[in-house]
Amino acid sequence: MKGLHFRNRLAVAPMTRVTATAAGVPTAAMRDYYTRFARGGFGLVITEGLYTDKAYAQGYRYQPGIADDEQARAWADIIAAVHGGGALAFAQLMHAGALSQDNPFRSHTAGPSAVQPAGEQMGFYYGEGRYPTPVQMSEQDIAEAIDGFVQSALRAVRVGGFDGVEIHGANGYLLDQFLTAHTNLRDDGWGGDIQGRVRLLVEVLRAVKAALGDQVPVGIRISQGKVNDFKAKWPGGERDAAAIFGALAQAGADFIHVTEFEAWQPAFEGGSDTLIALARRHAPGVTIIANGSLHAIERAAEALELGADIVALGRGALANPDMPKLFEKGIAPREFDGAILGPIANIKNSELAFQAAA
């Protein structure tokens, strides 16, 4: 991909672990956590979402950022260790928008429209109660958010030493809020039909690519489900999929990372195509990363047959930081234990003490 050579097709999916300092600086525990995936044989490690500015982007207490050089320099040490373990590393850039649960830089949240998000804040990320109703973002707010992605991408590559950049356009966060009809009620150029609602994703992608040139791959993560609405579906079905994936491909995405709860299931009721297959069909020539309960080798292989180029593991990687070595040796993977994410989803000493397969 873009001149990068991966040792295999297995990646660690981005997973928020709230283990940075209060100032968003990554810690030694995070270095050890990420490095063990590299030593365990993964070809690519994608970071948890890194907040992109000191305005509205931060979503969680103790979330790492890449909004200043101090944060980026701390990532450089982690990325050097990941490289030493034989893996590549992509930075996932994230703006929480209306789903922000903790942001020291602002006393309120912001989103495409003043619509209160569904559901409750996540307790294992220090959240409590309903999400507040955001203020509708102005043109200046939108411009500043785009610039936050651009400046963070530059820091990630030039200071942090990352091999690539993933823009977080999924899971209900800011870019997905613009993409989603019931959270984006705007009647200006940032809302309306699917072409208007996908515009912010396209503009962020184009701006980041323009800033980085051909230095590294730049891609985007896309989902239907959200952290506060797991069963959400695009109302236009495959028409929406064609518009979204087509627009991202035209904007120059080097990769599209699709995620569903079970990636092998049909994307839409009454249809037979998965989101992987739809991404492959409507974004030909773009590298596809697939995520969604693919931690059995048969499921991972099936995802490749459906059109994925790389398979990203979340829960499977948490339970098996040496998953590539287990696959290679034909050893059954360990079952995921949800207790690892409770009561708070921070990195546990028991994880760091785990001895990977030789």
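Since the structure is predicted, the reported quantities are computational estimates derived from the model, not experimental observations. (Residues numbered from 1 in each chain as written. Predicted model: local features only at pLDDT ≥ 70, side-chain atom pairs only at ≥ 80, totals over all residues. Heavy atoms only, no water.)

Looking at the overall build of the chain
Tallying secondary structure elements over the chain gives 12 helices and 10 strands in all. Scaling as 2.2 N^0.38, a compact globule of 358 residues should have a C-alpha radius of gyration of about 21 Å, and the chain matches this with 19 Å. Considered along the principal axes of its C-alpha atoms, the chain spans approximately 55 × 45 × 40 Å. Scored against the burial criterion, the 358 residues of the chain give a buried share of 60%. Look at the contacts in the chain between residues 6 or more apart in sequence, and 72% of them connect residues 24 or more apart. For the chain, the exposed surface amounts to about 13700 Å²; the carbon and sulfur share of it is 51%. Of the charged side chains in the chain, 32 are positive and 39 negative, and the gap between their average positions amounts to 3 Å. (Helix = DSSP H or I, 4+ residues; strand = E, 2+ residues; numbered from the N terminus. Rg over C-alpha atoms; globule rule 2.2 N^0.38 Å. Buried < 20%, exposed > 50% of the residue type's maximum accessible area, 1.4 Å probe, protein only. Contact = heavy atoms within 4.5 Å. Areas by Shrake-Rupley, 256 points an atom, 1.4 Å probe, with all protein chains shown as cover. Lys, Arg positive; Asp, Glu negative; His and termini not counted. Charge placed at Lys NZ, Arg CZ, Asp CG, Glu CD.)

Some details on the sheet that holds strand β10 (residues 310–313)
Taken together, the eight strands give a closed barrel; going around it, the order is β1-β2-β3-β6-β7-β8-β9-β10, and neighbouring strands pair in parallel fashion. On average, adjacent strands in this sheet sit at an angle of 25° to one another, irrespective of strand direction. Bridging between strand β8 (residues 255–259) and strand β9 (residues 287–291) involves five bridges; their strand directions are parallel. For I256, the partnering residue across the bridge sits in β9 and is I288. Sheet strands touched by helix α1 (residues 28–39): β1 (10–12) and β2 (44–51). Its angle to β2, the strand with the most contacts, is close to 150°. (Pairing = 2+ DSSP bridges. Axes fitted to C-alpha atoms, helices over the stretch in contact; angles between N-to-C directions.)

Observations regarding the nonpolar core
The biggest cluster of nonpolar side chains holds 91 residues, and the ones touching the most others in it are V208, F245 and I256. It is helix α3 (residues 139–158) that contributes the most residues to this core, nine residues altogether. If we ignore the near neighbours within four places in the chain, the residues touching I256 are I220, I222, F245, L248, A283, V286, T287, I288 and I289. (Core = buried A, V, L, I, M, F, W, Y, C linked by side-chain atoms within 4.5 Å.)

Notes on the environment of Q250
Topologically, Q250 is positioned in helix α7 (residues 238–250). Residue class for Q250 comes out exposed when judged on its relative accessible area of 67%. For the pair Q250 and E139, spaced 111 residues apart in the sequence, the C-alpha separation amounts to 24 Å.

Focus on unusual backbone geometry
Between G342 and P343 the backbone carries a cis peptide bond, its omega angle lying at -10°. In this fold, P343 is placed in the loop between α11 (323–329) and α12 (349–352). Unlike most non-glycine residues, K2 shows phi in positive territory, near 55°. As for its placement among the helices and strands, K2 is situated in the segment before β1.

Remarks on the packing of α1 against helix α2 (residues 69–84)
Running from N to C, α1 and α2 point in directions that differ by 25°, and their axes come no closer than 8 Å. Taken together, α1 and α2 sit at an angle that is classed as roughly parallel. The element α1 and its partner α2 pack so that their crossing is right-handed. Side by side, α1 and α2 meet where M30, R31, Y34, T35 and A38 of the first sit next to W75, D77, I78, A81 and V82 of the second. The residue inventory of the contact of α1 with α2, partitioned by class, reads seven nonpolar, one polar and two charged. (Parallel < 35°, antiparallel > 145°, perpendicular 65-115°, else oblique. Left-handed = near helix turned anticlockwise from the far one by under 90°. Nonpolar A, V, L, I, M, F, W, Y, C, P; charged D, E, K, R; others polar.)

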